[in-house]
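Observations on the model geometry
Now for the letters of each chain:
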Amino acid sequence: MQKGKQKTDFLEDVNLLSGVGIFLVVVGHLPFLEGFNPYQVTRGWIYSFHMPLFMALSGFLFAMFSRQKVCSIPDYVSFLKKKVARFIPAYVFTAVLLFFIKYVVGKGVSLKNPVDVHSFLMMFVNPMDKGFVIHLWFVYTLFLIFVCYPLFSRVLVPMGGGWQLVFYFLLSLLPITHLFCLNLVFRYLIYFHLGGLLLERRNKPIKGEIYYLLGTVFLFWAGIYARSRMDGVFIVTAVITFLIACLGIVSCYFFVLQIMKSENVFRKLLNVLGLYSFEIYLFHTLGSETIGYFLRFLFHGGMVFNLLILGITTTFCGLYVPIIFTRGIVKYSPKAAKLLFGRT
């Protein structure tokens, strides 16, 4: 973090990173491009770090605003009540809304994931296992991390931040049950903790950001190449995977620092996306899949031009349909907006 930055500028860093992250989420979830090789390569690159980025941002904000306030059992209970209010209504509303939409749409087209009572119930047991909206695993997992991380952090205080990072890394290697996404909780705790460690460096001066950006990007791709050559070496692959995710996160941050040097369209765009990142994550398939089904019938064949139009259009709708949807709820039902999204 740059020395001398005011709190508002610092929070803009976080917001811009959220904007970058949610843009990558939407691009990574585009429908009907699975057979397009350039998209598969891009998607593999995105998946190597975009969810660790969101986990690190969440841990960063937890360390900044909540960590010092969760010091006793009453504090912990109060903290959990806030997280329940933040996550549960939005999760249930999204699951119910998308269930009915997909159920109706599924009458006329073939869906990737079945929409029935069992798949709906699985959304509350493990959305990654036969749930009909798989991408909600992140909301489910992040809520559980908020439940368990304060407990872990209190127990592990004597170890120090660095040794705690080692502990969470070893925890991520354990063969944990997939029930209630516990395997994902253990896998992503390390990135949540990493976000708290990054907070401690917020006032450290950084010079020559462009060289750091180029360096981390080079190391990022070198890591991806190295991992591709290490198939079967479990521990080494796990370490490289973690380092790749860290390099992706750091690269995004240096990219944001470059954007913040001047007022530009990318800065404005990413700030808007960052402000609505939670709602975009919940509802992006509402826009991208809807227009995707329409364009798939409009375009015939897999011509590169058609696929590019499909990708650009579905990305745009995946980003902006949730924003329009959220603004509509805020305008016409402020109480619902406050309950679901914490917006007034």
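Residues numbered from 1 in each chain as written. Predicted model: local features only at pLDDT ≥ 70, side-chain atom pairs only at ≥ 80, totals over all residues. Heavy atoms only, no water.

1. So, unusual backbone geometry
At Phe180, a residue that is not glycine, the phi angle is positive and equals roughly 55°. Even without being a glycine, Cys181 presents a positive backbone phi close to 55°. Within the secondary structure, Cys181 is located in the loop between helix 7 (161-172) and helix 8 (182-199). (Helix = DSSP H or I, 4+ residues; strand = E, 2+ residues; numbered from the N terminus.)

2. So, helix 8
Relative to the 26 Å expected for 18 residues at 1.5 Å per residue, helix 8 spans 26 Å between its end C-alpha atoms, a close match to the ideal helical length. A bend of about 35° at Tyr188 is the largest found in helix 8. Burial of helix 8 is extensive: 15 of the 18 residues sit out of reach of the surface. (Expected span 1.5 Å × (residues − 1). Bend = angle between axes of the 7 residues up to and from the residue. Buried < 20%, exposed > 50% of the residue type's maximum accessible area, 1.4 Å probe, protein only.)

3. Focus: the packing of helix 6 (residues 137-155) against helix 8
Closest axis-to-axis distance for the helix 6/helix 8 pair is 9 Å, and the angle between their directions is 65°. In terms of orientation, helix 6 lies roughly perpendicular with respect to helix 8. Crossing angle aside, the handedness with which helix 6 passes helix 8 is right-handed. Where helix 6 approaches helix 8, its residues Trp137, Thr141, Leu142, Leu144, Ile145, Phe146, Cys148, Tyr149 and Phe152 are matched on the opposing element by Leu184, Val185, Tyr188, Leu189, Phe192 and His193. The residue inventory of the contact of helix 6 with helix 8, partitioned by class, reads 13 nonpolar, 2 polar and no charged. (Axes fitted to C-alpha atoms, helices over the stretch in contact; angles between N-to-C directions. Parallel < 35°, antiparallel > 145°, perpendicular 65-115°, else oblique. Left-handed = near helix turned anticlockwise from the far one by under 90°. Contact = heavy atoms within 4.5 Å. Nonpolar A, V, L, I, M, F, W, Y, C, P; charged D, E, K, R; others polar.)

4. Points about the pattern of salt bridges
A full pass over the atoms with the stated rule returns 3 salt bridges. Taking the shortest distance from any N to any O, the salt bridge between Lys102 and Glu289 comes out at 2.9 Å. With Lys102 in helix 4 (residues 73-105) and Glu289 in helix 12 (residues 277-298), this residue pair connects regions lying 187 residues apart in the sequence. By relative accessible area, Lys102 is classed as buried at 12%. As a salt-bridge pair, Arg267 and Glu263 come within 3.6 Å of each other at their nearest N and O atoms. Arg267 gets classed as buried once you look at its relative accessible area, which sits at 10%. Owing to a relative accessible area of 61%, Glu263 belongs among the exposed residues under this scheme. Connected via shared salt-bridge partners are Glu12, Glu263 and Arg267. (Salt bridge = Lys/Arg side-chain N within 4 Å of Asp/Glu carboxyl O.)

Geometric descriptors of this kind do not, in isolation, establish any biological role.
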